[in-house]
Amino acid sequence: SYLRIKKIGLIVNRNSLAFNKSDADKKESILISAGMTDVAIKLALDIANTLINNKIYLDKRIFLEPRLFNYQSWPKHVEKATYTPSMYKSLKYAFIRPGLGTISDCLSNYVCPICFNEGNSMEMICNRRIITENKIGYGFEPSMLNRTNLQNLESSISYILTNIKQLNFNGSSDFYKYSIN
């Protein structure tokens, strides 16, 4: 038997900014998205509460994982995340549990992922490591949530976005090309 291994790009939504750069909205929003585990939900709640209680993000829209609305009420500038192309296009960065779908949606819409994870999920640990090692996002650390570190984060995002824009988002075309040959 003969095995050919070919590298392909990320397989992403064709409605993303990677393909529709003219659709770029003002990127003034952030996302906090938890995934399915109790530990990740607690981490997301801690992140959201720290940002809101310290009034760090008064100038930004905050999209929050809809499930997190079951745990407490939120100020009016906090909205339920819709996970639509228009929401992703408005994001500057996102605090996420780094599942492959969320990572792909963030990267293809030029959103800086800030990855948090529970300590026992090898997939999330590996995804977070790959994001940070390739300088296309950050691993979350609680020290990020003070005003000075967040201002530094804001100024460093342009460097991360430059790296994200270098990625190959043509995975679907690559896959098709290699699978018919």
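Residues numbered from 1 in each chain as written. Predicted model: local features only at pLDDT ≥ 70, side-chain atom pairs only at ≥ 80, totals over all residues. Heavy atoms only, no water.

(A) Geometry of the packing of helix H3 (residues 100-108) against helix H4 (residues 122-133). Running from N to C, H3 and H4 point in directions that differ by 20°, and their axes come no closer than 11 Å. Between H3 and H4, the angle is such that the two are roughly parallel. Viewed along their axes, H3 and H4 form a crossing whose handedness is right-handed. The residues of H4 that touch H3, namely those facing Leu100, Ile103 and Leu107, are Glu123, Asn127 and Ile131. A per-class count over the contact of H3 with H4 returns four nonpolar, one polar and one charged. (Axes fitted to C-alpha atoms, helices over the stretch in contact; angles between N-to-C directions. Helix = DSSP H or I, 4+ residues; strand = E, 2+ residues; numbered from the N terminus. Parallel < 35°, antiparallel > 145°, perpendicular 65-115°, else oblique. Left-handed = near helix turned anticlockwise from the far one by under 90°. Contact = heavy atoms within 4.5 Å. Nonpolar A, V, L, I, M, F, W, Y, C, P; charged D, E, K, R; others polar.)

(B) Focus on the nonpolar core. Residues Leu31, Ile32, Tyr93 and Phe95 are the most contacted members of the largest nonpolar core, which totals 51 residues. Put simply, the parts of the chain that give this core at least two residues each are strand E1 (29-33), helix H1 (38-53), strand E2 (61-64), helix H2 (85-90), strand E4 (91-96), H3, strand E5 (112-115) and helix H5 (147-164). (Core = buried A, V, L, I, M, F, W, Y, C linked by side-chain atoms within 4.5 Å. Buried < 20%, exposed > 50% of the residue type's maximum accessible area, 1.4 Å probe, protein only.)

(C) Examining the environment of Ile103 more closely. Note that Ile103 resides in helix H3. Note: C-alpha distance between Ile103 and Gly137 (34 residues apart in sequence) is 9.7 Å. If we skip the residues at most four places from it in the chain, Ile103 touches Ile96, Pro98, Asn127 and Ile131.

By themselves these figures say nothing about function.
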